[in-house]
Each structure stands twice: as structure tokens, then as C-alpha cells.
Amino acid sequence: MCTKEPLQKMSNITFRRVHGVRVFIILLSCCAIVYWYMFAYRTRQPSKTQASLSNAAERISLQADHKYFTLDGKKFQILSGAIHYFRVHQDYWKDRLLKLKACGLNTVETYVPWNAHEEVKGEFNFEGMLDLVSYIKLAQELGLYVIFRPGPYICSEWDLGGLPSWLLNDPDIGLRTTDPRFLKAVDAYFDVLIPMVEPLQYSEGGPIIAVQVENEYGSYGSDLNYMVYIKEALEKRGIKELFLTSDNSHIAYTNGQIPNVLMTANFQVKPEKHFGLVQSIQGDDKPLMVMEYWSGWFDHWGEDHHVLSVEEMEKVLVRILDMGASVNFYMFHGGTNFGFWNGANSDYDGKYQPTITSYDYDAPLSESGDLTEKYFKIREILKRHAQPGMVPDVLPGPPKIIGKISGKVEVQMTHFMPLKDTFSFVEPIESDNVKPMELMPINNNGGQGYGYILYRTVIDGKSKQISFTRAIRDRAQIFVNGVEISVVSAWQYAAIPLKNLKETSKENILDILVENQGRVNYGTEISQERKGLYGQVLLDSEKIKSWQIFPLEFKSDYMAKLRASVNWQNIANINNYEGPVLYKGTYTPSSTDDAFIDMQGWTKGIVFVNSFNLGRYWDIGPQKTLYAPGPLFKDQEVEIVIFEQHRGSSTVTLTDKANLGIPVHVRNDEEEEDDDKKE
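Here is what the cut-offs are and how they apply
- Residues numbered from 1 in each chain as written.
- Predicted model: local features only at pLDDT ≥ 70, side-chain atom pairs only at ≥ 80, totals over all residues.
- Heavy atoms only, no water.
- Core = buried A, V, L, I, M, F, W, Y, C linked by side-chain atoms within 4.5 Å.
- Buried < 20%, exposed > 50% of the residue type's maximum accessible area, 1.4 Å probe, protein only.
- Helix = DSSP H or I, 4+ residues; strand = E, 2+ residues; numbered from the N terminus.
- Contact = heavy atoms within 4.5 Å.
- 1 Å grid on protein atoms, 1.4 Å probe; cavity = no way out; pocket = protein on both sides within 12 Å on 5 of 7 lines; lining within 4 Å.
- Points joined across faces, edges and corners; volume = space filled by probe spheres on them.
- Nonpolar A, V, L, I, M, F, W, Y, C, P; charged D, E, K, R; others polar.
- pLDDT = per-residue confidence, 0-100.
- Axes fitted to C-alpha atoms, helices over the stretch in contact; angles between N-to-C directions.
- Parallel < 35°, antiparallel > 145°, perpendicular 65-115°, else oblique.
- Left-handed = near helix turned anticlockwise from the far one by under 90°.
- Phe/Tyr/Trp six-rings, centres within 6.5 Å; stacked < 30°, edge-to-face > 60°.
- Lys NZ or Arg CZ within 6 Å of the ring centre and 35° of its normal.
- Pairing = 2+ DSSP bridges.

**Q** Honestly, the nonpolar core in this entry has me stumped. Any pointers?
**A** One broad rule of soluble globular proteins: the nonpolar side chains tend to lie buried together. Counting 179 residues, the largest nonpolar core has Y293, L552 and F554 as the members making the most contacts within it. Here this core gets nine residues from one element, more than from any other, and that element is helix α7 (residues 180-197). Here L552 is in contact with L419, F423, V426, Q448, Y450, G451, Y452, I453, L454, L513 and Y558, once residues within four sequence places are set aside. In terms of nonpolar packing, the next biggest core, distinct from the first, is built from 28 residues, M437, I466, L498 and W547 among them.

This is how it looks when you write it as C-alpha cells:
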């Protein structure tokens, strides 16, 4: 029975301090329980990354068990394009990848340049334009798969095919062989590289669906043990996605194959022939893929600008797709060989052919990322000829076109500095013999990788001529007492008469400035690609025995000293000086739009924008302009420094249009070249 009496008694109870403490403890306990529950619940909810990783268990990697690929157990066609992160300013990666996706492609392919990541032995760089992991993650964020081609050799018209120059510090090392010295270096490199990308494999929740073993090895050698070693080196470090090889001719397909590894083809024409050659070796029960469908071609200095017509590309691409084959456009966007990274070729008669700075490649996206006629034609073809379901019915529009500088802007050169005035920035090497770059005792005893090297000695005024016992690599300017007397190109051996001597003096200065124009990146010559002077320099048939050698690498420390130097002179005095010269001018950007620096009126050299090396120019063409990405113009004032080897000008012009030279149409077939070599 309920009564009012207990209530009345409660109303007389006083709230003592002990009750407050008890209430506080109860409330605190309740909060702790609620917080614990919420924390436990939240930690059980997967983040986007965790969800991706948990879904990895449900993923089925790319398979090649049928005449077609499967991904997650479903029929899949690889529609890919090559965009090399190391040839594109990192601020533009997203723009280029979005344009690739908007074209109807589902995959991006990239090489990895060992020499850029480990330019100095034991010192690794994965920052800025070399931030490989960020690039791969960005591709995944944008909904793209990745084909990963780590080499160690990549070719790619890149210096020494991506192999580090310091490997050549060992005079008789066997590159791309089972030479223990080479494999030890590869293992050390893979120990750093592969753990970075192993979590980015498709089976681990990442975008990497396939990994290539080496590159076009069949055109270089036939040692199966070497190829197996590289594959197993990747496997030991956790790579488990589909392995591929790629080659470009019957001989190469035969030499470069690995048991149980899918073969792919590289070509520009005749897809039926190349796919037929692949099937004759590995059977017709595997998917067909062209790993490199050459969408254009690269250029050498002194040649015309190579292009592949849209009509020719359309005919071949339609045939590839109608065969149900997968395709990777090499290149989809070529980008630029910034700095000293361009490679070279050596043709069958030994002629040295350095590659130009632009890697435009006549690709679907131009060097500056513009959409071309070829881009829109590919988009149209993929919609009509790709396998059902591989291209969305409605493709996303490409991102907004990146702006170009408005009209033309002349930048006045205000100061100059003779190259000889920069020698104090470099510690000279004293030697009894001339030595090539790679044998210089610098950079952790790995030698000089890139740039120029100057050899200086003192000769008697009665001397008549100098000669070389081995070819100069690659181009030398010879000076007597500061005056240029001759220019010698690669493979020239003729004796050089001496001029401008002070006949009564025994203290005449002989300087030999040698430019490394880029190491050969394809063929068996790579193991011999040491630059500078290799052999002896003879003075009237007698060996010169005393030299000062100046490695001129134009690295960041050198450029910092150069820009801060008090040796700069007013440009008005330039006519009083002969010899290689550095020029300097400043530019105040009105925007961060892209620009092309027109070097017409200059002869040969390199251009820096705020210490960023845009690359080489040369008046023999084909290219007349250098591409300068807009992010380089973020500062209120931009400094342009030019190293001119011969005759310069007082201005450079920034313009909105590229000038890559006179176009000439090409049709490349490595199979036909192999046949030519047999004859």
C-alpha cells in the first residue's frame, strides 16, 4: 500500500557532501562506459584504407588463364596509357591522369628510373617529381589501375636506359647480366624500392594489377638465368601480381621469354604479325596484349620531328581492339626529359644520336598536356571497338585546359659570367691521366653522372697538335688560352692543329670542355658508355701527364653558389669576352600559366628557371622551344639562367606555342630492322 509518509520523510533529508561525491563518481563511470563503447565501436568501423585492405581478401588478381584477362573473376580488357611520373611536374599528375581516364582508359602504366632515384650510390630520392608512391596512390584515388615496370633496365630514351651511371665506375661490369656485381646492386635497389610498392598491389587493396620483368631484354641478350633472377628478386620481396615480359621482334620474343610469364608485344604497325609471333612461341590460349603501342616516336638532335598520322594510328588501333587484345599506348603523354636525363642511340654504323629534351612523342596528350586530334580519335575508337562493358557509356569530361602565357614576353639578360669564373665552386681533381666522368673520385666514389667535365693542362708554345687515342664522348670544345680552336664530336679521331699559342711561353693553357650529351639507352653499347675523355691525350705524339679536372654537374649546391656569386658582370661588357658563358635575367610572371622558352638566336646549352634545369637546347633542331611548366612561375620574381657554350643573345622569348620542328611521318617495325641486320 502506498502512503505519503515516506515521501514526507525524504523531503526532510539533507544533501550532504558525501552524496555529491557519490553522484559524481556514478556520472563519471557512466561517461567512461559510453566513451569506451563509442571508441570500441569506432575502432571496429573500417576507414577507407582499412576497407580497401579488408576488401583485398575478396579480390581476385589479374589472371591470364584464358584467351582473355580476368580481374575479380570477370572478363577484363586492359586499356592503358603510359604516363611517366618522372617526366611530368608533380603538380600536373592529377590533370594528366584525369585526361587519361576521360579518354576511356582504365589503367596507367609507368616505368621506374633507377638512376633518378639513386643518382648517387646509396642515396635515394623519392620526393617531388620522384614521389612514386604518391603517384600510384593518386591513380587509385582517380579510379585507375596501374601497370608497374620497375626494370631494373627501362630503355625509355632515358640515360643508360635507367641504369645508374655509377655502375660504370667498375671498368668491366656486365650490365643486364648475372655478373654478381650487377645483381648485388639490383638487390640493394630492390630492397628499397619494392617494400614501398608491395602494399600497393591489387591483392593488397592497391591499384597495381601487373608487373613487368626487365624490359625488351630479348633485344639485348638471351640468358634465361638472368631473367629468372630478376623475376625471383621481385617475388622474394613480396610481388605476387601477374608478371609480364615485353619485346619487339621474333628474335627478341624468343630470347626474352620466361616460362609461365605472359609475353606481350611492342610495335607500331602490323599487329597481326606481332601477335602471331607471340602465339607461335607461347601458344594461342593466352590473352594478347601490346605493351607498347607506339603512338608516335621520339626525336634526335639534327633530325626532323617524328609523328604518326591519326589515320595510320586509327587503322592499327581498330585492328588491335577487334582482335580482342589489350593495349597500352606508349606514350599517352610523353612529357619532358628535364635536366640531363635524355638518352641516346647508336645506329648500325656507330653513329651517335642523342635524344632531344622534348619527349612530346606526338602522343595523344602533347608535351604540355593539351588534348590533340589523336586524343579525340582514340576516345571515339575505344567507345566503338573496346570489349563490351570496358568503356563507360558516358565518359567524364577532361579537366579544364591548363593556361598558356599570353602572347610573347621578352626577358632581357642583364648579367653574364664566364664559365671559368665558376671553377672556384668546384674542387678540381689532380691527375696524371685524363679519366672519364664515371671514374672521378666523387659522389661516394661513384664518379660523375651528368653534365660537363673540363680537362685543363699547360703546354709549350712550340707545340703543333693534339690527338686522342680513344673517341671523345660526346662533344668537346678545345680552347687554347681561352680561345676556342676546335669542336670535336663523338667518334672523331683526327689530329687537331693548335692555334692561339704564345710561342715563347711554356705556360699556355689548354682546356678541353666535354659535354655528356646522354648515354645510349638501347643495345649492347650500354656497358661502354663512359663519358668524357677515356684513353690518352697526345701532344705531338707524346702523352700529356699532368691534368686538372673540373666536374661540372650543375647540381643544386653549384647552382646556389652560382646564383649568389659576386662574379656576375653587366651584360654591356659581354663583347669583351670569348668562351662559354652563363647569362642571367629576371622575369616577373603575371600568372602561373605554362610557357615555352624560344631559344632561337642562341646556339647550344642548358636553361634553368630558379635552378630547375629545363634541359638542353641546340640550334640544329628539331626543337626550338623548351617547355616550362607553370608551377615554376609561382614566385613573384623568376630568375632565368642560361649556360651558353658558344654564341648567345641578349634576350629570350617566352611564348604560348611549342616549336618542335618540321614534322616527318614514321612507321616503325623492329622486326624489319632485325631482318636488315641479318642481311
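**Q** Looking at this model, I keep getting lost on empty space enclosed by the protein. Mind explaining?
**A** It is a probe the size of a water molecule, rolled over the atoms, that shows where empty space is left. The final tally for this structure, using the stated rule, is four cavities of 30 Å³ or more. Roughly 50 Å³ of volume is contained in the largest cavity. Lining the largest cavity are E119, V120, K121, S165, W166, N443, G446, G447, G449, E553 and K555. Tallied by class, residues from the lining of the largest cavity come to two nonpolar, five polar and four charged.

**Q** Got a minute to help me understand the confidence of the model for the chain in this structure?
**A** Low pLDDT marks stretches whose predicted atomic positions should not be read closely. Chain-level statistics for the chain give a pLDDT mean of 91 and a share of 90% at 70 or above. Note that pLDDT drops below 50 for residues 33-54; the model gives that stretch five contacts with residues more than four away or on any other chain. Every residue in residues 675-679 scores below 50 in pLDDT, and together they form two contacts with partners more than four places removed in sequence or on other chains.

**Q** Any chance you could explain the layout of surface pockets here in plain terms?
**A** Of the volumes computed, that of the largest pocket is approximately 1000 Å³. Forming the walls of the largest pocket are 29 residues, and the residues nearest its centre are E119, N125, L130, W341 and S556. Of all the secondary-structure elements, those providing two or more residues to the lining of the largest pocket are α5 (114-117), α13 (556-564) and β30 (612-618). Within the lining of the largest pocket, the residues separate by chemical class into 15 nonpolar, eight polar and six charged.

**Q** Would you explain the packing of helix α4 (residues 93-102) against helix α6 (residues 132-141) in this entry?
**A** If you want to describe how two helices pack, look at the angle between their axes and the distance between the axes. The geometry of α4 relative to α6 is characterised by a closest axis approach of 10 Å and an angle of 40° between their N-to-C directions. Regarding the angle of α4 to α6, the classification is oblique. α6 is crossed by α4, and the crossing has right-handed handedness. Here W93, K94 and L97 of α4 come into contact with α6, specifically with S134, Y135, L138 and A139. Within the contact of α4 with α6, the residues separate by chemical class into five nonpolar, one polar and one charged.

**Q** Just checking my understanding: could you explain the packing of aromatic side chains for this structure?
**A** One pair of aromatic rings is described through two measures. These are the centre distance and the angle between the planes. Using the criterion set out here, one finds 41 aromatic pairs in the structure. Centroid distance F267 to F275: 5.4 Å. Interplanar angle 85°. Geometry classified as edge-to-face. Judged by its relative accessible area of 1%, F275 is buried. A ring pair is formed by Y455 and W547, whose centres lie 6.4 Å apart and whose planes are at 85°; its orientation type is edge-to-face. Within this pair, whereas Y455 is found in strand β17 (residues 452-459), its partner W547 is found in strand β25 (residues 547-552), the two being separated by 92 residues in sequence. Y455 sits in the buried class, given a relative accessible area of 0%. Taking the relative accessible area as the measure of exposure, W547 reaches 2% and is therefore buried. Every member of this aromatic cluster is reached through a ring pair, and the members are W114, W166, F182, Y189, F190, Y217, Y220 and Y226. The residue whose ring lies beneath R87 is Y359, and the NZ or CZ to ring-centre distance is 3.7 Å. The cationic tip of R176 hangs over the ring face of Y220; the distance from NZ or CZ to the ring centre is 4.5 Å.

**Q** What's the story with the environment of G605 in this structure? I'm lost.
**A** Mapped onto the elements of the fold, G605 is located in strand β29 (residues 604-609). Assessed through its relative accessible area of 2%, G605 is described here as buried. With 256 residues separating them along the chain, G605 and D349 place their C-alpha atoms 27 Å apart.

**Q** Mind showing me how you'd approach the sheet that holds strand β33 (residues 651-655) here?
**A** Backbone-to-backbone hydrogen bonds join strands into a sheet, with any given pair of strands oriented parallel or antiparallel. The four strands are arranged β14-β33-β28-β31 in an open sheet whose pairing can be described as antiparallel. Two strands close off the open sheet at either side, each with one partner strand: β14 (409-412) and β31 (625-628). For this sheet the average axis-to-axis angle between neighbouring strands, irrespective of direction, equals 30°. Relative to β31, strand β28 (residues 595-598) is paired through four bridges, and the arrangement is antiparallel. Pairing of F596 across the sheet is with Y627, part of β31.

**Q** Is there a simple way to explain α4 in this structure?
**A** Owing to its 3.6 residues per turn, the α-helix brings residues three or four apart onto one side. For α4, the buried fraction is high: seven of the 10 residues fall into the buried class. Along α4, the residues classified as buried are W93, D95, R96, L97, K99, L100 and A102. Against the buried residues of α4 lie β3 (79-83), β4 (107-111), α6, β11 (326-333), α12 (373-385) and β31. A positive backbone phi angle near 105° is found at G104, which sits one or two residues after α4.

**Q** What am I meant to see in the environment of G532 here?
**A** Within the secondary structure, G532 is located in the loop between β22 (508-515) and β23 (537-539). For G532, a relative accessible area of 1% gives the class buried. Separated by 133 residues in the primary sequence, G532 and H665 have C-alpha atoms spaced 35 Å apart. Not counting the four nearest positions on each side in its chain, G532 is found in contact with I453, Y455, A471, I472, R473 and V514.

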